[in-house]
Amino acid sequence: MEVVEREEEIDPESNQLNQPLLKRNRTLSSNPLALVGEKVSYIESLDYEINENDLFKHNWRTRSRVEVLQYIFLKWTLAFLVGFLTGIIATLINLAVENIAGYKLLAVLKYIHRERYLTGFLYFTGINCVLTLVAAVLCVCFAPTAAGPGIPEIKAYLNGVDTPNMYGATTLIVKIIGSIGAVSAGLDLGKEGPLVHIGSCIASLLGQGGPDNHRIKWRWLRYFNNDRDRRDLITCGASSGVCAAFRAPVGGVLFALEEVATWWRSALLWRTFFSTAVVVVVLRAFIEICNSGKCGLFGAGGLIMFDVSNVTVRYHVMDIIPVVVIGIIGGVLGSLYNHLLHKVLRLYNLINQKGKIHKLLLSLAVVLFTSACQYGLPFLAKCTPCDSLLPESKSACPTNGRSGNFKQFNCPPGYYNDLATLLLTTIDDSVRNIFSTNTPHEYQPSSLLIFFALYCILGLFTFGIAVPSGLFLPIILMGSAYGRLLGMFMGPHTNIDQGLFAVLGAASLMAGSMRMTVSLCVIFLELTSNLLLLPITMIVLLIAKTVGDCFNPSIYEIILHLKGLPFMDANPEPWMRNLTVGELVDVKPAVVSLHGVEKVANIVNVLKNTTHNGFPVMDDGVVPPVGQANEATELHGLILRAHLIQALKKKWFLKERRRTEEWEVREKFTWVELAEREAFEEVAITSEEMEMFVDLHPLTNTTPFTVLESISVAKAMVLFRQVGLRHLLVVPKYQASGVSPVIGILTRQDLLAHNILTVFPHLAKSKGREKRN
């Protein structure tokens, strides 16, 4: 009841992003808060470790070969369904966006053609406001966790942090509709991040048998309703989402490996690759259907941003200079973008904390500014005659439709407006236009400068409003603009096409901001279908990432910190080697332990008065099988809070203090039930039952991970992260009479650097000295 009361007292909008949401004391343990989407939630760690209690061991021993094959077959079936459904939903989102935005732009261009500019502006702005309002209302009122890209929360989940309400059916529906509305409104955001979240939602719902209130209770499906298998499915969903966004199956797998997944193995690699292969097949099938004109305004190139498979890429040794320059610019601008976005998100949090109306007004203000710029700025550009274009250009000039490289806009016949070609179109078409090859004279430098400045501003102020949004396309547009500008200046001195310079610029800014290399390289290769770009793309990505790392962390790490999600980094801080886990345990509250056969009243008291999720189970008066015959205290293992609640709910009580037989346990519990994550329910216990006993031995994990108190915090952190632990038991270095076998338990919060520095502030000074040296 305490948790419920505290949730009512805390205003979800009252936490500021300019300070961590976690309330820290002079002790390490605390109840963490984090911002999940746009909602402040209590979070806890996940149980990725296999709970090897007596029920699990019996199930493992008695499982037949047929049952094992069925389990493996179901794993692959779910991986297939994740890819299949993600591919279908991604196609439907693309169809909806292209048709809604397409018909909107066709109507606006008709008004412009008739010189009814004010009517066209009002129509354009009105439709954009309505679409944005639909997306924002859904996110603010129905699913706050659907706002934003969702990738930081997925990254935290796969790191071992539970993110409540992140993968529900309501979140999935709002994410789909909100993405369609926000992208169709012409906002400077993409659907790539939301597609990663959508794929993860599909995977989670499939694994648990549907929404929480309408789950399928099929026996075999229940085997996947645990944190470990759910993690693998969500990894498949994340890679499928990237594949659906870029039609890049290998890039999707590498994105999951490099960016979001913390724990990886070869079997998971095969399943994620299988899921992305299914996505590609689904997308290819829909493209074949759309080629016949059955998809409305969705054309043949709807899912292909940039195809240069027929372009001959020539470069020589001197071309390494502009390539290096692009990499350096990408690293500097990427780190600057991360720094400024960090400030903007802190500002937005101050606005959002005032209530839902302010969130909606902020979204409307951004879309009004965006619409005014997209519609008004093309009037500043000069009309360019079509005659000056290269004769090899096969595109119609000018074009009056919703897409095309040479939009007429307000120009007379035979002329086109290059800035309208980039601004008054869908964001996907804008990428295709600025990436276009063999068009060296299509854009004026002034138009590209305006485009770059505008999307730098929109890229900062659009991300963070209460709609589903992605960072990929905004960064691609910014990077491609300065890449093409550099290509113009280097034109006489290089053989590289300006469109390829735009590709390299986009890759450099993404590496400078997101700090990805291998996955980005493969994604761009799959987008361009040209292996000749591989050497220069690799150089650009490596330089941009190296330069960016000199200034600040990646954008997703910054967002993780702002949201207060306790993400555990791969590399411990150097000063952690000077601190032992025994010193950490000394500043924690005393460990709370239970006996192997415990009184019900004691269990209820522990559950009521502590917030711990794991308790050591010990037996007193045990004679060791070897050594002296003196009685000792035996560490039987670790029992989870959820399993104690299960025992109370099932009324598994004994009238006398004794150990139960194996058959008695199997009558009451199954291994699948104990592996499931269930919501806490109040349990009514009578005064008579309070005096009874519970045998905790069969429910206890008899193989918990333990470390000596003398081990360094750095080594404990590496073990904790790589194995995916939730609890790490600290045992004494010396065994003696009267010394407890467990002197403390370390959790994720105890091993985070900022929590340790709160208790040991002198380590911050040594940290500064190490940086200076």
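The model shown is predicted, which means the values in this text are computed figures rather than measured ones. (Residues numbered from 1 in each chain as written. Predicted model: local features only at pLDDT ≥ 70, side-chain atom pairs only at ≥ 80, totals over all residues. Heavy atoms only, no water.)

Draft legend 1. Quick peek at the overall build of the chain. Helices and strands together make up the secondary structure of the chain, namely 30 helices and 12 strands. By residue count, 56% of the 773 residues in the chain fall in the buried class. Restricting to contacts in the chain with at least 6 residues of sequence separation, those with at least 24 account for 78%. Total accessible area computed for the chain in this model is approximately 32000 Å², and 60% of it derives from carbon and sulfur atoms. (Helix = DSSP H or I, 4+ residues; strand = E, 2+ residues; numbered from the N terminus. Buried < 20%, exposed > 50% of the residue type's maximum accessible area, 1.4 Å probe, protein only. Contact = heavy atoms within 4.5 Å. Areas by Shrake-Rupley, 256 points an atom, 1.4 Å probe, with all protein chains shown as cover.)

Draft legend 2. Inspection of the packing of helix α18 (residues 518-528) against helix α19 (residues 534-549) at higher detail. Two elements in contact, α18 and α19, have axes separated by 10 Å at closest approach and are oriented at 145°. The interaxial crossing formed by α18 with α19 has right-handed handedness. Contacts from Leu520, Cys521 and Leu525 in α18 reach Leu534, Thr537, Met538 and Leu541 in α19. (Axes fitted to C-alpha atoms, helices over the stretch in contact; angles between N-to-C directions. Left-handed = near helix turned anticlockwise from the far one by under 90°.)

Draft legend 3. Broad picture of unusual backbone geometry. Unusually for a residue other than glycine, Phe409 sits at a positive phi of about 55°. Positive phi, close to 65°, is recorded for Arg515, a residue that is not glycine. Classification of Arg515 by relative accessible area gives buried; the value is 7%.

Draft legend 4. Geometry of the sheet that holds strand β10 (residues 706-708). What the 3 strands build is an open sheet, ordered β10-β11-β12; its pairing is mixed. Looking at the sheet topology across the chains shown, the edges are occupied by β10 and β12 (744-746). When strand polarity is set aside, the average angle formed by the axes of neighbouring strands in this sheet is 35°. Relative to β12, strand β11 (residues 728-731) runs antiparallel, the two being bridged by 3 bridges. Looking at β12, one finds that Leu728 is bridged to Leu746. (Pairing = 2+ DSSP bridges.)

Draft legend 5. Molecular detail of the pairing of β11. Of the two faces of β11, the one carrying Leu728 and Val730 and the one carrying Leu729 and Val731 are both buried. Note: β10 against β11, 3 bridges, orientation parallel. Of the residues in β11, the one forming a bridge with Val707 is Val730. Viewed along the sheet, the connection from β10 through helix α27 (residues 713-723) into β11 turns out right-handed. (Right-handed = clockwise from strand over helix to strand, strands pointing away.)

Draft legend 6. Focus on a nonpolar patch on the surface. Where nonpolar side chains cluster on the molecular surface, the patch consists of Val68, Leu69, Ile72, Trp76, Leu269 and Trp270 and spans about 540 Å² of accessible area. Listing elements by their share of the nonpolar patch, those giving two or more residues are α3 (65-113) and α10 (266-291). With 4 residues, α3 is the largest single contributor of residues to the nonpolar patch. Mapped onto the fold, Leu269 is located in helix α10. (Patch = residues over 30% accessible without salt bridge, like charges linked within 9 Å, V, L, I, M, F, W, Y side chains within 5 Å. Salt bridge = Lys/Arg side-chain N within 4 Å of Asp/Glu carboxyl O.)

Draft legend 7. Region of interest: the pattern of salt bridges. Under the counting rule described, the total for this entry stands at 17 salt bridges. In this structure, the salt-bridge partner of Lys155 is Glu259, at a minimum N-O distance of 3.2 Å. Separated by 104 residues along the polypeptide, Lys155 in helix α5 (residues 151-159) and Glu259 in helix α9 (residues 249-260) bring together distant segments of the chain. The exposure class of Lys155 is buried, given its relative accessible area of 7%. Across the salt bridge formed by Arg432 and Asp429, the nearest N and O atoms sit 2.6 Å from each other. Of this pair, Arg432 and Asp429 both sit in helix α14 (residues 427-434), separated by 3 residues, roughly a single helical turn. For the residue pair Arg432 and Asp429, the accessibility class agrees, reading buried in each case. A single network of salt bridges, built from pairs that share partners, joins Arg231, Asp232, Arg265 and Arg271.

Draft legend 8. Spatial organisation of the packing of aromatic side chains. One pass over the structure, following the stated rule, counts 15 aromatic pairs. The interplanar angle of 55° and the centroid separation of 5.8 Å between the aromatic rings of Tyr111 and Tyr123 together place this pair among those described as tilted. Taken together, the residues Tyr111 in helix α3 and Tyr123 in helix α4 (residues 117-141) connect sequence positions 12 residues apart. By way of ring pairs, the aromatic residues Tyr117, Phe121, Phe124, Tyr375, Phe379 and Phe409 are connected into one cluster. For Arg231, the ring lying beneath its charged end belongs to Tyr48, and the centroid distance is 4.2 Å. (Phe/Tyr/Trp six-rings, centres within 6.5 Å; stacked < 30°, edge-to-face > 60°. Lys NZ or Arg CZ within 6 Å of the ring centre and 35° of its normal.)

Draft legend 9. Fine view of the side chain of Asn433. Inspection of the secondary structure puts Asn433 in helix α14. Classification of Asn433 by relative accessible area gives buried; the value is 4%. Here the side chain of Asn433 touches Thr421 through a polar contact of 3.0 Å, landing on its backbone oxygen. (Polar contact = N/O pair within 3.5 Å; in protein donor to acceptor, adjacent residues only side chain to side chain.)

Draft legend 10. The arrangement of the nonpolar core in detail. Formed by 161 residues in total, the largest nonpolar core has its most connected members in Phe246, Phe451, Leu471, Phe472 and Met514. Setting aside chain neighbours within four positions, we find Phe451 in contact with Leu419, Leu422, Leu423, Ser430, Ile434, Leu477 and Ala481. Counting residues in each nonpolar core, the second largest holds 24 residues, with Phe720, Leu746, Leu757 and Leu763 among its members. (Core = buried A, V, L, I, M, F, W, Y, C linked by side-chain atoms within 4.5 Å.)

Draft legend 11. Focus on the sheet that holds strand β5 (residues 594-595). Taken in spatial order, the 3 strands line up as β5-β7-β8 in an open sheet, and their pairing is mixed. Strand pairing shows two members of the sheet lacking a second neighbour, β5 and β8 (632-640), which therefore form its edges. When β5 meets strand β7 (residues 614-622), the two strands line up parallel, connected through 2 bridges. Note on β7: the bridge partner recorded for Leu594 is Val617. The strands touched by helix α23 (residues 641-649) within the sheet are β5, β7 and β8, with β8 carrying the most contacts at an inclination of about 85°.

Draft legend 12. Examining the confidence of the model for the chain more closely. Looking at the chain, the pLDDT average stands at 85 and 88% of residues meet or exceed 70. Across residues 1-26, confidence stays below pLDDT 50; counting only partners more than four residues off in sequence or on other chains, it has 48 contacts. Counting interchain partners and residues more than four positions distant, the pLDDT-below-50 stretch residues 390-394 has 4 contacts. (pLDDT = per-residue confidence, 0-100.)

Draft legend 13. The arrangement of the state of the cysteines in detail. With the rule as written, the count across this model stands at 1 disulfide. One disulfide in the model links Cys383 with Cys411; its S-S distance is 2.1 Å. In this structure the cystine formed by Cys383 and Cys411 twists about its S-S bond by roughly -90°; its chirality is therefore left-handed. Taken together, the residues span a long stretch of sequence, with Cys383 in strand β3 (residues 383-385) and Cys411 in the loop between β3 and β4 (415-417) at a distance of 28 residues. (Disulfide = S-S within 2.5 Å.)

Draft legend 14. Structural view of the environment of Leu534. Take Leu534: it is sitting in helix α19. Since its relative accessible area comes to 29%, Leu534 is described here as partly exposed. C-alpha of Leu534 to C-alpha of Cys521: the two residues are 13 residues apart in sequence and 7.5 Å apart in space.

Draft legend 15. Focus on the packing of helix α16 (residues 472-489) against helix α17 (residues 498-514). Direction vectors running N to C along α16 and α17 enclose 135°, while the axes themselves pass 6 Å from each other. As judged from the angle between their axes, α16 and α17 are oblique. Regarding α16 and α17, the two cross each other, and that crossing is right-handed. Every residue of α17 that contacts α16 at Phe472, Ile475, Ile476, Met478, Gly479, Ser480, Tyr482, Gly483, Arg484, Gly487 and Met488 is listed here: Gln498, Gly499, Phe501, Ala502, Gly505, Ala506, Ser508, Leu509, Met510, Ser513 and Met514. Counted by class, the contact of α16 with α17 contains 12 nonpolar, 9 polar and 1 charged residues. (Parallel < 35°, antiparallel > 145°, perpendicular 65-115°, else oblique. Nonpolar A, V, L, I, M, F, W, Y, C, P; charged D, E, K, R; others polar.)

Draft legend 16. The arrangement of the side chain of Asn128 in detail. For Asn128, the location among the structural elements is in helix α4. Leave out the neighbours within four places in its chain, and Asn128 touches Lys104, Ser184, Ala185, Val367 and Ser371.

Draft legend 17. Highlighting the environment of Gly744. Looking at the secondary structure, you find Gly744 in strand β12. Judged by relative accessible area, Gly744 falls into the buried class, the value being 5%. The spacing of Gly744 and Val585 is 159 residues in sequence and 5.6 Å in space, taken between C-alpha atoms. Every residue in contact with Gly744, bar those within four places of it in the chain, is listed here: Val585, Val591, Leu728, Leu729 and Val730.

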